[in-house]
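Structural characterization, general
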Amino acid sequence: MTCFYAGDYGPADPGFDPLAGGGRLLRGFDSQRSELARAQNLGQLQAMERQLQRGESIAWCDQGYAWAQGPAVEGFLIGFSMLVVLPYAVKRLAPRLWRRSLEFAQRMHESAAKPASRTAFPGGQ
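Residues numbered from 1 in each chain as written. Predicted model: local features only at pLDDT ≥ 70, side-chain atom pairs only at ≥ 80, totals over all residues. Heavy atoms only, no water.

1. A look at the overall build of the chain
- Secondary structure assignment for the chain yields four helices and two strands.
- Of the regular secondary structure in the chain, the N- to C-terminal order runs β-α-α-α-β-α.
- For the chain, long-range pairs separated by at least 24 residues make up 49% of all intrachain contacts whose partners lie at least 6 apart in sequence. (Helix = DSSP H or I, 4+ residues; strand = E, 2+ residues; numbered from the N terminus. Contact = heavy atoms within 4.5 Å.)

2. Topic: the side chain of N41
- Looking at the element boundaries, N41 is found in the loop between α2 (33-36) and α3 (42-53).
- A polar atom in the side chain of N41 sits 2.9 Å from the backbone oxygen of Y9.
- Here the side chain of N41 touches P11 through a polar contact of 2.9 Å, landing on its backbone oxygen.
- In this structure, N41 is in contact with Y9, G10, P11, A12, D13 and F16, ignoring residues within four places of it in sequence. (Polar contact = N/O pair within 3.5 Å; in protein donor to acceptor, adjacent residues only side chain to side chain.)

3. Focus on the nonpolar core
- Judged by nonpolar contacts, F4, F16, L26, F29, L36, A39, L45, A47, M48, L52 and I58 together constitute the single largest core of 11 residues.
- The element contributing the most residues to this core is α3, with four residues.
- Residues in contact with L36, not counting those within four places in the same chain, are P18, L26, F29, L45, M48, E49, L52 and I58. (Core = buried A, V, L, I, M, F, W, Y, C linked by side-chain atoms within 4.5 Å. Buried < 20%, exposed > 50% of the residue type's maximum accessible area, 1.4 Å probe, protein only.)

4. Looking at α3
- Between its first and last C-alpha atoms α3 spans 16 Å; for 12 residues at 1.5 Å apiece the expected length is 16 Å, and the two agree.
- Among the residues making up α3, those that are buried are Q44, L45, A47, M48, E49, Q51 and L52.
- Against β1 (4-5), α2 and β2 (60-61) lie the buried residues of α3.
- Of the residues flanking the start of α3, the one acting as N-cap is N41, its side-chain oxygen 3.2 Å from the backbone nitrogen of G43.
- Where α3 terminates, the next one or two residues include G55, which has phi positive at roughly 85°. (Expected span 1.5 Å × (residues − 1).)

5. Let's talk about the packing of aromatic side chains
- Throughout the structure, instances matching the rule amount to three aromatic pairs.
- Judged by centre distance (5.4 Å) and plane angle (40°), the rings of F4 and W60 are tilted. Here W60 lies in strand β2 and F4 lies in strand β1, a separation of 56 residues in the sequence.
- Accessibility expressed as a relative area gives 4% for F4, which makes it buried.
- Of the residues examined, W60 reaches a relative accessible area of 32% and is grouped as partly exposed. (Phe/Tyr/Trp six-rings, centres within 6.5 Å; stacked < 30°, edge-to-face > 60°.)

6. A short note on a positive patch on the surface
- The grouping of K91, R92, R96, R99 and R100 at the surface amounts to a positive patch.
- Considering the arrangement of structural elements, one finds R99 in helix α4 (residues 71-113). (Patch = residues over 30% accessible without salt bridge, like charges linked within 9 Å, V, L, I, M, F, W, Y side chains within 5 Å. Areas by Shrake-Rupley, 256 points an atom, 1.4 Å probe, with all protein chains shown as cover. Salt bridge = Lys/Arg side-chain N within 4 Å of Asp/Glu carboxyl O. Lys, Arg positive; Asp, Glu negative; His and termini not counted. Charge placed at Lys NZ, Arg CZ, Asp CG, Glu CD.)

Rendered as structure tokens:
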């Protein structure tokens, strides 16, 4: 059974009335007229009609995708980042950064050890 979440179909439209115009939006769904009249916007009404066309009942869920912003999910993502992503990044990136810093220090040392050429042309007088 599929659950509908009101927020998935946009905000409630105060000017939307599925029974307006003699119920022309509900034609073909006369037996479910009272159920479809609870739609708050056109998107909800169309989703409800598709559900009824498949022969399934309409059920509304209160929560929607709010669970994805809850503290349990945030805690899981923080834990995953700290226990999986961070150690992996340290293992993969630390040696590479260490090597580059050593190479940079070696180049700096080599360039400091060479005497500066005082000519305008390299290798010439």
